[in-house]
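Here is what each chain is made of, one letter per residue.
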Amino acid sequence: MSLTTSLRLLTSALAMSLGPAPAWAQSAPAPASGPAQGPALSLELNAAQPSEKGCRLTFVVNNALSADLSKAAFEIALFNEAGVVDRLAVLDFKGLPAGKTKVTRFDLAGTDCGKLSRVLINSTTECAGNGVEPAACMRGLKTSTKTAIAFGV
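Residues numbered from 1 in each chain as written. Predicted model: local features only at pLDDT ≥ 70, side-chain atom pairs only at ≥ 80, totals over all residues. Heavy atoms only, no water.

**Q** Tell me about the pattern of salt bridges, and please be specific about residues and values.
**A** In the structure shown here, the tally under the stated rule is four salt bridges. If you follow the salt bridges from partner to partner, you end up with Lys71, Asp92 and Glu126 in one network. (Salt bridge = Lys/Arg side-chain N within 4 Å of Asp/Glu carboxyl O.)

**Q** Hey, could you go over the environment of Asn80 for me, with residue numbers and the actual values?
**A** Within the fold, Asn80 resides in the loop between strand S3 (71-79) and strand S4 (85-92). In the structure, Asn80 is positioned 32 residues away from Asp112 in sequence and 9.1 Å away in space, judged by C-alpha atoms. (Helix = DSSP H or I, 4+ residues; strand = E, 2+ residues; numbered from the N terminus.)

**Q** Tell me about the nonpolar core, residues and numbers included.
**A** Leu41, Leu43, Phe59, Leu69, Phe74 and Phe93 are the most contacted members of the largest nonpolar core, which totals 31 residues. Breaking this core down by element, the ones donating at least two residues are strand S1 (41-50), strand S2 (54-63), S3, S4, strand S5 (101-109), strand S6 (118-128) and helix H2 (136-139). When near neighbours in sequence (up to four residues on either side) are disregarded, Phe59 contacts Glu44, Leu45, Asn46, Leu91, Phe93, Lys102, Val103, Thr104, Phe106 and Phe151. (Core = buried A, V, L, I, M, F, W, Y, C linked by side-chain atoms within 4.5 Å. Buried < 20%, exposed > 50% of the residue type's maximum accessible area, 1.4 Å probe, protein only. Contact = heavy atoms within 4.5 Å.)

**Q** Give me the lowdown on the sheet that holds S1, citing residues and values where you can.
**A** With mixed pairing, four strands are arranged side by side in an open sheet as S5-S2-S1-S7. Each of the sheet's edge strands pairs with one partner strand only, and the pair in question is S5 and strand S7 (142-145). Sheet twist, expressed as the average angle between the axes of neighbouring strands with direction ignored, equals 25°. Of the strand pairs in this sheet, S1 and S2 are connected by nine bridges, and their pairing is antiparallel. In the strand pairing of S2, Ala47 is matched with Thr58. (Pairing = 2+ DSSP bridges. Axes fitted to C-alpha atoms, helices over the stretch in contact; angles between N-to-C directions.)

Take a look at the structure:
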């Protein structure tokens, strides 16, 4: 086989390998974002600061649901620095008007902020409002954090 023939075969093989990827190798399309997913609640863990009682957690919450919530409460799990659940607590955000952003603080007695590694939204304990189904608070819950503490569902 001549050098020219070898180069043509190599070039053809390379061109074929650069062709379109098979269906199984293609990545799935990114999930839609924004209004297509429906309205939701957004919870941001904004700060964790030592307080006289223990640890003060500050949350920024936005109700993007289409209705006012007369009450929204969540059970959270607090994880220590070893990743072990230290305790469960219920945070009552009370009323959340539709389309409104609200800042709420909770003092967690006997909790050391420096030893918190993670805050997990375990479940909704109450989600009430005119025309609001109880599962609406958890269904599209979006979480974020401005702290070094992991925060999510």
